Protein chains: 2
Amino acid sequence: MKLAAESVYVDRLARVRKEMSARGVDSLILSVGHDLPYLTGYQAMPLERLTLLVVPREGDATMLIPRLEAPRVVEMPSVFSLLPWNETDDPIAIAHRVLGSATTVAVGDRMWSRFLVDLIAHRPSTVWARSVTVMEPLRSRKDAAEIAVLAAAGAAADRVAAQLHSGEIRLVGRTEADVSADIGARLIAEGHDKVNFAIVAAGENAASPHHHAGSRVIRGGEIVLCDFGGTMDGYCSDITRCVHIGEVPADIAEAYAVLHEAQSAGVRAGTIGTPCEGVDAAARSVIDAAGYGEWFVHRTGHGIGMEEHEDPYMVRGNATPIEPGHAYSVEPGIYIPGKWGMRLEDIVVATTDGPRALNAANHDLVVVAG
Amino acid sequence: MKLAAESVYVDRLARVRKEMSARGVDSLILSVGHDLPYLTGYQAMPLERLTLLVVPREGDATMLIPRLEAPRVVEMPSVFSLLPWNETDDPIAIAHRVLGSATTVAVGDRMWSRFLVDLIAHRPSTVWARSVTVMEPLRSRKDAAEIAVLAAAGAAADRVAAQLHSGEIRLVGRTEADVSADIGARLIAEGHDKVNFAIVAAGENAASPHHHAGSRVIRGGEIVLCDFGGTMDGYCSDITRCVHIGEVPADIAEAYAVLHEAQSAGVRAGTIGTPCEGVDAAARSVIDAAGYGEWFVHRTGHGIGMEEHEDPYMVRGNATPIEPGHAYSVEPGIYIPGKWGMRLEDIVVATTDGPRALNAANHDLVVVAG
């Protein structure tokens, strides 16, 4: 990811401290995951050697870092100071000392549990909370620079979708895994730094929403579901399009028309102040009304940003009101076990002018040659 | 990774329960990470949707799984039963119920902390332990099938090292990042399923042991450190070789001779019953004696298997005796800040006949053309 100006991190740190005060969090500890690069520009290596940023509500933030990794950190004295530890030091004991008298400590969501278990042994009376408590209000509201990167990633994913629609990505006679690798290479060619996933599911395999692309050979006359995304400059793309190889049977055409309408309804519902579950309800009610409700087996969407899936989630039970800068997927699906499946997905950003879709690739069930 | 026969998992589960009894662990919970596939053949998706295997010391093991992911699990009724949860269920509440009256619970090392934090709120008086307590005795002692896969992965890495030595992998005029991508592609071409890392560090960059391959262009007359590995059939390779472009200056030649001797000494030291720190001491004493001690800034090695780094670690303070089937790296290094760095690494398996190196690529500082 690109390092932002130091002032961006100074500002974020000030805002997170405000959240800590408001929610009674004494200290925030961040390791592997996305909160750390959001606050410091540095991504911890997923290692048994602990990297840990300790942010007290007041006082300076300290980044414990294995001495080996220290040369990789861009230091920002106005944001954090670096505390390298040596190979035979005990970083948990050091973290415990740095945490001092903190009573309520918020822990990065993806930090490996081994470190938390070891810290608990040192601090049996600490109250542990999730970092999302203080980070979500910051991270879920994307600023203009973040939205620009999400839009660029979305446009890159759209170009790959267009290659799928044009038939440039051959399907018939290839395995799902082969097409998946092809899509991955195209995501990189279009500007992504990393491929996060490229689901390719043909025919009956499309009925498993998270199908793992495998050795199944794609044949004429079937639907192919492609759901792919990557990371560009630290932010994620995520798009789903289906194509049909040759003439579309009536049952699939009928269901797709419902899906298309449901997805548009979900996108349109994302106005400021609407509860997140309202987006889910808008898409789901269209599918329910058409009699496919029991085959729409997942939530309608997830937030997206530095993580492929992050807050806010478009799911029943989430009353969080949509705010300007919320970025999320709208991706209803219909899955008939043993027969076929379909899903249609765009990324949307909430704005005061209404929902702005970041994907513009053809939304139809495009027919490709056999 | 390849699924083993069901009997393999039945046997592992029986052994882990024996460890649980011996160590007073009532329940083991596993999610993202490698303990789960080791015990069930299934790798959890790194998702906000919780997958959790709950293994009570007595009674049946249960795998909580998001309903979406359930089709991906190969069920093994004699190992675990599947408990799918729906999108609007609370998987933490379900996990809490399944854990029942367990007092001491061992948690998978890499499980996301968010799930542990949420569980703690439900179970304030549970004593938390690390899964390594009960899994390490199993996982660190590789069986014949595991060693065969590690050897195959090592041989594949050796073939890429040979391509480096032969000059087939061009260096001069290319960026480190470009060479890194090339090495990655060759790891795949030689049979790996996944590239884990490919450090390429030229000249002064080699003095940072975990240097991130970047835009630095490789020039004639410098040392290039390449440390790379991937995963093949679920097990990891890891090898480091250095090459020098054109004639080797006297200071580098002299240091490399020391490094080479230190690495051999470390490999030879790995006999059954020797404490792990003895391997570190054997390599380090050679480097210390030659006066380079302050520039050998990391431990000598790490265990390897399903994870790139796992127990046992070859580090001062680790008195664990080496046992048959222990697999680990021996990788001393010498790093002169601002000038150059060098490291030499093989994977070794401990056997009753003595240490068996899984890498046989040329150990010299091979000179490649400019």
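All of the points below concern the structure found in this document. (Residues numbered from 1 in each chain as written. Chains lettered and ligands numbered in written order. Predicted model: local features only at pLDDT ≥ 70, side-chain atom pairs only at ≥ 80, totals over all residues. Heavy atoms only, no water.)

## Observations concerning the overall build of chain A
- In terms of helices and strands, chain A carries nine helices and 18 strands.
- Computed over the C-alpha atoms, the radius of gyration of chain A is 23 Å, within 12% of the 21 Å expected from 2.2 N^0.38 for a compact globule of 370 residues.
- Per-residue burial over chain A gives 60% buried out of 370 residues.
- Sequence-distant contacts in chain A: of pairs separated by 6 or more residues, those separated by 24 or more amount to 65%.
- As displayed, chain A offers around 13400 Å² of accessible surface, 53% of which is attributable to carbon and sulfur atoms. (Helix = DSSP H or I, 4+ residues; strand = E, 2+ residues; numbered from the N terminus. Rg over C-alpha atoms; globule rule 2.2 N^0.38 Å. Buried < 20%, exposed > 50% of the residue type's maximum accessible area, 1.4 Å probe, protein only. Contact = heavy atoms within 4.5 Å. Areas by Shrake-Rupley, 256 points an atom, 1.4 Å probe, with all protein chains shown as cover.)

## Brief notes about the interface of chain B and chain A
- Opposite the 36 residues of chain B that make contact, chain A presents 36 residues.
- Roughly 3400 Å² is buried in total at the junction of chain B and chain A, and carbon and sulfur atoms are behind 58% of that figure.
- Our count for the contact surface shared by chain B and chain A stands at six salt bridges.
- A salt bridge links R114 of chain B to D109 of chain A, with the nearest nitrogen and oxygen atoms 3.9 Å apart.
- Put simply, chain B and chain A have 16 residue pairs in polar contact (both at pLDDT 80 or more) between them.
- Sorting elements by how many residues they give to the side of chain B that touches chain A places helix α4 (residues 113-122) of chain B first, with six residues.
- Here the residues of the side of chain B that touches chain A sort into 16 nonpolar, eight polar and twelve charged. (Buried area = accessible area lost by both parts, 1.4 Å probe. Salt bridge = Lys/Arg side-chain N within 4 Å of Asp/Glu carboxyl O. Polar contact = N/O pair within 3.5 Å; in protein donor to acceptor, adjacent residues only side chain to side chain. Nonpolar A, V, L, I, M, F, W, Y, C, P; charged D, E, K, R; others polar.)

## Overview of helix α1 (residues 6-23) of chain B
All names here are of chain B.
- Taking 1.5 Å of rise per residue, the 18 residues of α1 would be expected to cover 26 Å, and the 26 Å separating its terminal C-alpha atoms lies within 8% of that figure.
- Along α1, the positions that sit buried rather than exposed are Y9, R12, L13, V16, R17, E19 and M20. Looking straight down α1, one finds that the buried residues subtend no more than 160° of arc, so they occupy a single side. More than 90 degrees from the buried face of α1, the exposed residues found are S7, K18 and A22.
- In this structure, the buried side of α1 is in contact with β1 (27-30), α2 (35-40), β2 (52-56), β3 (61-66), α5 (132-139) and α6 (144-165).
- Looking one or two places after α1, you find G24, whose phi comes out positive at around 70°. (Expected span 1.5 Å × (residues − 1). Arc of directions from axis to C-beta.)

## Quick notes on the nonpolar core
- Counting 42 residues, the largest nonpolar core has I29 and W128 of chain A together with I29 and W128 of chain B as the members making the most contacts within it.
- Elements with a contribution of two residues or more to this core: β2 (52-56), α3 (91-99), β5 (104-107) and α4 (113-122) of chain A together with β2, α3 (91-99), β5 (104-107) and α4 of chain B.
- With residues up to four places along the chain from it excluded, the contact list for I29 of chain B reads L52, L53, V54, L99, V105, A106, V107, G108, M111, L119 and W128 of chain B. (Core = buried A, V, L, I, M, F, W, Y, C linked by side-chain atoms within 4.5 Å.)

## A word on the relation of the copies chain B and chain A
- Each copy superposes on the other: chain B lies on chain A with an RMSD of 0.0 Å after a rotation of 180° and an axial shift of 0.0 Å. Such a turn and shift between the copies fits a two-fold axis.
- Comparing interface residues between copies, 100% of those in chain B also sit at the interface in chain A, which points to an isologous, same-surface contact. (Least-squares fit on C-alpha atoms with pLDDT ≥ 70 in both.)

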